[in-house]
Amino acid sequence: MSDVIQVLSDAVANQIAAGEVIQRPASVVKELMENAVDADATTIRVIVKDAGKTMVQVVDNGTGMSETDASLCFERHATSKITRAEDLFSIQTRGFRGEALASMAAVSEITLKTRRSEDELGTHLRIVGTRHEIKEPVQTPIGTNFQVKNLFFNIPARRKFLKSDQTELRHIINEFNHVALTHPEIEFSLTHNQSEIFQLPPSNLRQRIIGIFGKSVNSYLIPLESDTTLINIAGFIGKPEHARRKYGEQFFFVNNRFIRHPYFHKAVMNGYDQILAPDYIPSYFIYFNIDPSKIDVNIHPSKTEIKFEDERSIWQILLASVKEAIGRNNLSPSLDFSKEGVIDIPILTKDTDIKQPSIDTNPAFNPFDGEESYSREKRSSPYLDDRFSGWEQLFEPAAQVQVPTNKNLQIKNKYILSPVKSGLMLVDQRRAHERILFERMMEAQEQKQPLSQQSLFPETISLNAVDYQVCLEMMEDLDRLGFDIRDFGNNSIVVHGLPAEMETVSAVNKIEMMIEQYKALQGEVSTGIPERVARSAARASAIDYGKQLSDIEMQEIIDQLFACSNPNYSPSGKLIVKIVELEELEKYFKE
Ligand code: ADP
Ligand code: MG
């Protein structure tokens, strides 16, 4: 047999390596923006067409490159940022492996125009799939202008793998935000298909956050600050009462680089312990500064995962500073944190005496109370108020097992307890209602005759750029479910009507929750968009735990649940009904 091993050509090797760094248009945006930041630009413009599939352009006013550097920058391991392996440990700039441009060049058509301040003429380069096609002098402003077109044009399989424009744009906006949030002093703009998504002037951190997430954010940011020999922690956390049932405003940055860190997320959540309703997530924008030799940034190709040498200590420091910030907010609620344009991180000296706050909590807190999303008549249960206690009450309705009309009993405003022939049935009220709504919505989609309740007062909702894109993606299917939601441009929508069963006072909460649910389901490949929309709508509209139900409501839920095709499990596969068999019950009382 002849030899079989071949050495791959550079072009093929580069294409393969490119997959690690460049996964989608958003990766191009990230790498080009980071390079512009590293080149000391004070203005960075990002322009994309068709969610970056057709073009990503980043224009900066940074240092620019010499003619030689302009050609060299596309070589693999071409970097001006490190020269020795040890430098990897002390690097403070964004990029550091000299791979990004080489990778991009292997899978797209790149045009580069760049000029340094000391040069009269700049350099114009055009590279297609690593081949230099044009190199000539050009008149161009100081700085660098990269245009990356037709990403993956030479790898059809990868191009096909790209998601819808809305999804890809969402990724782009996320990457854009990560860079913009770490450099408030730099002016950034993002334009998509001629329309401007962001225009962010140079500012302080608070104003930058507002620029990205909207004016309302201002009222709920609490400054966070902690300086220890190990690490410096600064930034903002959201007031507890502003926590939402959604992800989207949670950010960690380490030495000005965005990272994900589930373990530290837990520390923050613990800091809010006892003051958040279950499933609620606070906003946070937390910046760590740490000696680079104490972290290893290089463990993940896209660099959003970082290993810390001393994770446990940092966890403790983070937890303490979150608690301290919440406590400070709690102790002095009259402090005005809404002043714009001031440096608002208070200096705490070592001997400032900070007391651990005592926080009153209400375990029966239900943020949807008062919305009357389910019941028309609000009657309280004759058996219980919402604080169930006492075994006597448990046995009182059980005495009625023989009575033909079933009496249901609600426990902890969470489970419906119902005597049945074979024993005792327990029903999770929220999941049950979710199942009922889901089946109704799927049916409405099929029959194409949704029941929409037109609202007298259409409600305008401003969303952040990401959620707005998600909402656009859901719009068509929502329409089939009876949602009359219209695009209002400028990241906002107007709610003209909701499905009849979702009657509610405020649509905002429901819509936001629905978008959140939908995003969470996006990872599930097996569910199509219509089902995903129905599932998230059902989830968002289902009655909550903590909602006290009247007898009639309980009976309605039970009846409707058992009219469903699959009453036992929620649309996401969670158990709804559990029956404790009579024999099991009898065992409890054996002599
Ligand atoms: P890295 O950023 O890891 O060094 P890249 O492939 O992203 O690798 O960039 C290679 C080199 O090209 C950089 O080190 C820098 O010298 C140069 N470069 C890239 N983008 C710019 C820019 N916008 N302005 C000036 N120089 C740049
Ligand atoms: Mg780089």
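Residues numbered from 1 in each chain as written. Chains lettered and ligands numbered in written order. Predicted model: local features only at pLDDT ≥ 70, side-chain atom pairs only at ≥ 80, totals over all residues. Heavy atoms only, no water.

### Things to note about the pattern of salt bridges
In a structure, side chains of opposite charge can pair up when their charged atoms sit close to one another. The final tally for this structure, using the stated rule, is 20 salt bridges. Lys 135 is paired through a salt bridge with Glu 67; the nearest N and O atoms lie 3.6 Å apart. In this pair, Lys 135 is assigned in strand S5 (residues 131–138) and Glu 67 in helix H3 (residues 67–72), connecting sequence segments 68 residues apart. Lys 135 gets classed as partly exposed once you look at its relative accessible area, which sits at 41%. Across the salt bridge formed by Asp 119 and Arg 116, the nearest N and O atoms sit 2.9 Å from each other. A cluster of three or more residues bridged by salt bridges with shared partners is formed by Arg 116, Glu 118 and Asp 119. (Salt bridge = Lys/Arg side-chain N within 4 Å of Asp/Glu carboxyl O. Helix = DSSP H or I, 4+ residues; strand = E, 2+ residues; numbered from the N terminus. Buried < 20%, exposed > 50% of the residue type's maximum accessible area, 1.4 Å probe, protein only.)

### Comments concerning the nonpolar core
Judged by nonpolar contacts, the single largest core of 65 residues is most densely connected at Phe 74 and Phe 188. Taken domain by domain, this core gets at least three of its residues from each of domain 1 (10–202) and domain 2 (207–294 + 302–328). Leaving out residues up to four positions away in the same chain, Phe 74 has contacts with Leu 101, Ala 102, Ala 105, Ile 110, Leu 112, Leu 125, Ile 127 and Phe 146. Membership of the second largest hydrophobic core comes to 33 residues, among which are Ile 237, Ile 259, Leu 276 and Ala 325. (Core = buried A, V, L, I, M, F, W, Y, C linked by side-chain atoms within 4.5 Å. Domains from an automatic or database assignment. Contact = heavy atoms within 4.5 Å.)

### Things to note about the site of ligand 1
Neighbouring ligand 1 are 20 residues, the closest being Asn 35, Thr 79, Ser 80, Lys 81 and Gly 98. Note that an oxygen atom of ligand 1 is positioned 2.8 Å from one of the side-chain N or O atoms of Asn 35. Backbone polar atom of Leu 101 to an oxygen atom of ligand 1: 2.9 Å apart, as the coordinates give it. If ligand 1 stood free it would expose 530 Å²; the protein chains cover 93% of that surface. Going through the elements one at a time, helix H4 (100–107) and strand S6 (143–149) are the ones with two or more residues in the shell around ligand 1. When the residues that make up the shell around ligand 1 are grouped by side-chain class, the tally is eight nonpolar, eight polar and four charged. (Near = heavy atom within 4 Å. Polar contact = N/O pair within 3.5 Å; in protein donor to acceptor, adjacent residues only side chain to side chain. Areas by Shrake-Rupley, 256 points an atom, 1.4 Å probe, with all protein chains shown as cover. Nonpolar A, V, L, I, M, F, W, Y, C, P; charged D, E, K, R; others polar.)

### Some points on the sheet that holds strand S1 (residues 43–49)
What the eight strands build is an open sheet, ordered S5-S4-S3-S6-S2-S1-S7-S8; its pairing is mixed. With partners counted over all chains shown, the strands left at the sheet margins are S5 and strand S8 (195–200), one partner each. Neighbour-to-neighbour, the strand axes of this sheet turn through a mean angle of 10°, independent of strand direction. Bridge analysis of S1 against strand S2 (residues 55–60) gives six bridges, and the strand direction is antiparallel. Counterpart to Val 48 in the pairing with S2 is Val 56. Strands strand S7 (187–192) and S8 of the sheet are contacted by helix H7 (residues 205–213), whose axis makes an angle of about 165° with S8. (Pairing = 2+ DSSP bridges. Axes fitted to C-alpha atoms, helices over the stretch in contact; angles between N-to-C directions.)

### As for empty space enclosed by the protein
All chains considered together, the criterion is met by two cavities of 30 Å³ or more. Volume-wise, the largest cavity comes out at about 110 Å³. Taken together, eleven residues line the largest cavity, and the ones lying closest to its centre are Lys 30, Glu 34, His 178, Val 179 and Phe 258. Going through the elements one at a time, helix H2 (25–38), helix H6 (165–182) and strand S12 (257–259) are the ones with two or more residues in the lining of the largest cavity. Counting residues per element, the lining of the largest cavity draws most heavily on H6, at four residues. Partitioning the lining of the largest cavity into residue classes produces two nonpolar, four polar and five charged. Of the domains in this structure, domain 1 (10–202) and domain 2 (207–294 + 302–328) are the two that each give at least three residues to the lining of the largest cavity. (1 Å grid on protein atoms, 1.4 Å probe; cavity = no way out; pocket = protein on both sides within 12 Å on 5 of 7 lines; lining within 4 Å. Points joined across faces, edges and corners; volume = space filled by probe spheres on them.)

### Let's talk about the environment of Met 33
Along the chain, the position of Met 33 falls in helix H2. On the basis of relative accessibility, which here comes to 0%, the residue Met 33 falls in the buried class. Between the C-alpha atoms of Met 33 and Arg 45, which are twelve residues apart in sequence, the distance is 8.7 Å. Once you skip the residues sitting within four places of it in the chain, Met 33 turns out to touch Ile 44, Val 46, Val 58, Phe 176, Val 179 and Phe 188.

### A short note on unusual backbone geometry
Positive phi outside glycine occurs at Lys 412, with the angle close to 55°. Among the structural elements, Lys 412 can be located in the loop between strand S16 (409–411) and strand S17 (415–420). Lys 412 gets classed as exposed once you look at its relative accessible area, which sits at 58%. Its identity is not glycine, yet Asn 413 carries a phi of approximately 50°, on the positive side. As for its placement among the helices and strands, Asn 413 is situated in the loop between S16 and S17. Residue classification places Asn 413 among the buried positions, given a relative accessible area of 7%.

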